[in-house]
Amino acid sequence: MEIFFGAGVAASLASFLYPVLRYLIPPQTVELTSDTVLAGKVGDLKPNTGKIFRFGSRPAILVLSSDGTYHALSAICTHLGCTVQYRPDLHEVWCACHNGLYSLNGRNISGPPPRPLESYEVLLKGNEIYVRRERNA
Amino acid sequence: MSAWTSTQQWLEEHFRTDEVIALLRHKMIPLHRYSPFYFLGGMTLFLFGIQVVTGILLLLYYRPTPNDAFESVQYIMTQVRFGWLVRSIHSWSANLMILTAFAHMFSVFFMRAYRKPRELTWLSGMALLILVLCFGFSGYLLPWNTLSFFATKVGTDLPGQMPVVGKWILNFLRGGEDVTGATLTRFFGFHVALLPGLATIFVGLHLLLIQRFGMSVPPSIEAEWKANPSAAREMPFYPNFLLRELMAWYIALGILGALAAFKPWELGVKADPFAPAPAGIRPEWYFMFMFQTLKLIPAKVGPMNGEILGAAGFGLGALVWTLLPFFDRDKNGRGARWIAGVGVFVVAYIVCLTVYGYMAR
């Protein structure tokens, strides 16, 4: 009798709690954007500068280095998720939150970031700069 | 019969207020050189009351959406009469409340007031301290400015690093994978509904336990009083201590008003999720020691990621600190000196890392 009663109470509680727990977590959103985005136009950036652009719903960074090469990386720091920026004085990508430093290829070179930034492929089509998620990534 | 006397009589007849007053008269406050620390708990409660009143006033104009939040706080501060004062008092009293809550916790620690039979009083107090920090963290995002946006990113990413449950917690806190309008709505819900509800329960429990077990006397004073019983002194809570507490609250209100008027709380710049974190970004002062520690831990410490190690260290430290009454069973011996030493180290660590955080570039 006690087992029956206990099981009944437990089942009732579970039937109340399960929907609440599921309700707390938002549904997964599917990214419908393509793998390639327009990051800007040639001439938008001066050499040794960078800018943030939208890569789907996330920020990414486009840098024109002093030697005239474009680099595109995810702008989300791999440490605790702040948005990084280009530091012309260091010629590197820097996260202001915890002083993390990355090379222009995205490699974490100093500070607390544990992993490199995801790097993207840069495609120049006429006057436009497109950024594409690398195929092997 | 005057209106006051008849009101008193009516209350007495209906609610037996004489019994409540008798209970308060029965409560005694020990008098010794550390007695001023007994004011800190009441002061925290007073500042919590200020938070509730000013928070309700802010709710009349605040709009919790990413498009409106910043503008609505700006509207409160620039258009609504005395809006700047209400918002500033809310922000200042929040910070002072965190300060007094920490001071109260450390005074209880160093006076060893958490010892048997007050273990539950300590535990309910620690729960309140955590709630106060959650209030601070959730309220910080509500103006939707750059600093609060990145502080929320970092603060929610940290529990997200935990193995197994990290992703679940991150999604629960943010309302998705990123800090967005969904996060703002959630934090607003936590700040004005969930946390006040929990705080009310825990404040009630904490006060009930204090009433039940009375005020603790530090072991050193206890020993002095035992050696010389005539030195033992105490004061009735009602009305003597309560009137002194009310005076302290009145002074605190004056300080709060002056701070709000002469140093109004800034609003900052509206958050842009697609802008880099600004140089010199820092959390609020009460999270600074953790922020600075995370900055100093290298990416990898042995096989572990630095930020996981930092988060685990702080979590474990907080757990041990909370369970302290169950470790401290030593009356006055080596164990007690060890615990006092650890307490001094923790205070020194927090102070040094906070100062370092403000000085470091």
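I will try to describe carefully the structure that is included in this document. As the structure is a prediction and not an experimental result, all values here were calculated from the model.

Rules and cut-offs
Within each chain, residues carry numbers counting from 1 in the order of the written sequence. To label them, take the chains in the order written and letter them from A, then take the ligands in the order written and number them from 1. Local features in a predicted model are, by the rule used here, given only for residues with pLDDT of at least 70; side-chain atom pairs are given and counted only at 80 or more, and totals for whole chains, interfaces and linings are based on all residues. Secondary structure elements follow DSSP: runs of H or I no shorter than four residues count as helices, runs of E no shorter than two count as strands, and numbering proceeds from the N terminus. Our radius of gyration looks at C-alpha atoms and nothing else; its globule reference is 2.2 Å times the residue count to the power 0.38. Any residue surrounded by 20 or more other C-beta atoms within 10 Å of its C-beta is treated as buried, while 12 or fewer makes it exposed and the intermediate range makes it partly exposed; C-beta atoms here are placed from the backbone. Axes here mean lines fitted to C-alpha atoms, for a helix over just the part in contact, with angles spanning 0 to 180 degrees between N-to-C directions. In these notes the angle categories are as follows: under 35 degrees is roughly parallel, over 145 is roughly antiparallel, 65 to 115 is roughly perpendicular, and the rest is oblique. For a crossing to be left-handed, the near helix must be turned anticlockwise from the far one by less than a right angle; the clockwise case is right-handed. Placing a C-beta atom from the backbone of each residue, one calls two residues in contact when those atoms lie within 7 Å. The classification used treats Ala, Val, Leu, Ile, Met, Phe, Trp, Tyr, Cys and Pro as nonpolar, Asp, Glu, Lys and Arg as charged, and all other residues, Gly among them, as polar. Being paired, for any two strands, means DSSP has found at least two bridges between them. Each nonpolar core reported here comprises buried Ala, Val, Leu, Ile, Met, Phe, Trp, Tyr and Cys residues connected via C-beta atoms within 7 Å.

1. Here's the deal with the overall build of chain A
Tallying secondary structure elements over chain A gives 1 helix and 10 strands in all. Mapped in sequence order, the helices and strands of chain A form the string α-β-β-β-β-β-β-β-β-β-β. For chain A, the C-alpha radius of gyration of 23 Å lies well beyond 14 Å, the compact-globule estimate for 137 residues. Viewed in the frame of its principal axes, chain A has a C-alpha envelope of about 80 × 35 × 25 Å.

2. Details of the overall build of chain B
Secondary structure assignment for chain B yields 15 helices and 4 strands. Relative to the compact-globule value of 21 Å for 361 residues, chain B shows a C-alpha radius of gyration of 23 Å, a close match. In terms of principal-axis extent, the alpha carbons of chain B reach across some 65 × 60 × 35 Å. Looking at chain B as a whole, 32% of its 361 residues are labelled buried.

3. Here we look at the packing of helix H5 (residues 83-110) of chain B against helix H6 (residues 119-141) of chain B
Residue and element names in this part refer to chain B. At a closest axis distance of 10 Å, the pairing of H5 and H6 adopts a crossing angle of 155°. As the angle between them shows, H5 and H6 are arranged roughly antiparallel. Of the two elements, H5 crosses H6, and the hand of that crossing is left-handed. Taking contact as the criterion, the partners of Ala-94, Met-97, Ile-98, Ala-101, Met-105 and Val-108 in H5 are, on H6, Trp-122, Gly-125, Leu-129, Val-132, Gly-136 and Gly-139. Grouping the constituent residues of the contact of H5 with H6 by class yields 9 nonpolar, 3 polar and no charged.

4. Structural notes on the packing of helix H4 (residues 69-78) of chain B against H5 of chain B
Residue and element names in this part refer to chain B. H5 packs onto H4 with a crossing angle of 115° between their chain directions and a minimal axis gap of 5 Å. Along the contact surface, H4 presents Val-73, Ile-76 and Met-77, while H5 presents Gly-83, Trp-84 and Arg-87. Partitioned by chemical class, the residues of the contact of H4 with H5 number 4 nonpolar, 1 polar and 1 charged.

5. Considering unusual backbone geometry
Residues and elements named next belong to chain B. Pro-117 follows Lys-116 through a cis peptide bond whose omega is 10°. Within the chain, Arg-16 stands out as a residue other than glycine whose phi angle is a positive 50°. Considering the arrangement of structural elements, one finds Arg-16 in the loop between helix H1 (3-15) and helix H2 (17-26). For Arg-16, a count of 11 C-beta atoms within 10 Å gives the class exposed. Its identity as a non-glycine residue notwithstanding, Phe-82 has a phi of 65°, on the positive side. In this structure, Phe-82 sits in the loop between H4 and H5.

6. A word on the pairing of strand S2 (residues 49-55) of chain A
Residues and elements named next belong to chain A. Where S2 and strand S3 (residues 58-64) come together, 7 bridges link them in antiparallel fashion. Bridge pairing in S3 places Gly-50 opposite Val-63. Hairpin connection, S2 to S3: the antiparallel pair is bridged by 2 residues, and Gly-56 has positive phi, about 65°.

7. Details of the interface of chain A and chain B
Chain A puts 25 residues into the contact, and the matching count from chain B is 28 residues. Across the side of chain A that touches chain B, the residue classes tally to 15 nonpolar, 9 polar and 1 charged.

8. Some words on the sheet that holds strand S4 (residues 70-74) of chain A
All names here are of chain A. Pairing is antiparallel across the open sheet formed by 6 strands, whose spatial order is S1-S10-S9-S4-S3-S2. Single-partner strands in this sheet number two, and they are strand S1 (36-41) and S2. Within the sheet, the average angular offset between the axes of one strand and its neighbour, ignoring direction, is 30°. The sheet contact formed by S1 and strand S10 (residues 128-133) spans 5 bridges and is antiparallel. Following the sheet pairing, Leu-38 is matched in S10 by Tyr-130.

9. Here's the deal with the pairing of S10 of chain A
Residue and element names in this part refer to chain A. Here strand S9 (residues 119-125) pairs with S10 via 6 bridges, running antiparallel. Looking at S10, one finds that Leu-124 is bridged to Ile-129. Adjacent in sequence and paired antiparallel, S9 and S10 are bridged by 2 residues, among which Gly-126 carries a positive phi angle near 65°.

10. Observations concerning the sheet that holds strand S8 (residues 108-110) of chain A
Residue and element names in this part refer to chain A. What the 4 strands build is an open sheet, ordered S5-S6-S7-S8; its pairing is antiparallel. What marks the edges here is a single partner per strand, and that holds for strand S5 (85-87) and S8. Across the sheet, the mean angle separating the axes of adjacent strands is 40° when strand polarity is ignored. In the sheet, S5 pairs with strand S6 (residues 92-95) via 3 bridges, with the strands oriented antiparallel.

11. Section: the nonpolar core
Formed by 84 residues in total, the largest nonpolar core has its most connected members in Ile-61, Cys-82, Val-84, Val-93 and Cys-97 of chain A. Grouped together as the second largest cluster of nonpolar side chains are 6 residues, Phe-289, Phe-291, Leu-294 and Ile-297 of chain B included.

12. Side note on the environment of Ser-119 of chain A
All names here are of chain A. Assignment of secondary structure puts Ser-119 in strand S9. Separated by 12 residues in the primary sequence, Ser-119 and Val-131 have C-alpha atoms spaced 9.8 Å apart. Ignoring sequence-local partners within four residues, the contact set of Ser-119 consists of Leu-73, Asn-105, Gly-106 and Glu-134.

13. With respect to the environment of Gly-43 of chain A
Residue and element names in this part refer to chain A. Position of Gly-43 among the secondary structure elements: in the loop between S1 and S2. The exposure class of Gly-43 is exposed, given the 9 C-beta atoms found within 10 Å. Along the chain, Gly-43 and Met-1 lie 42 residues apart, while their C-alpha atoms are 80 Å from each other.

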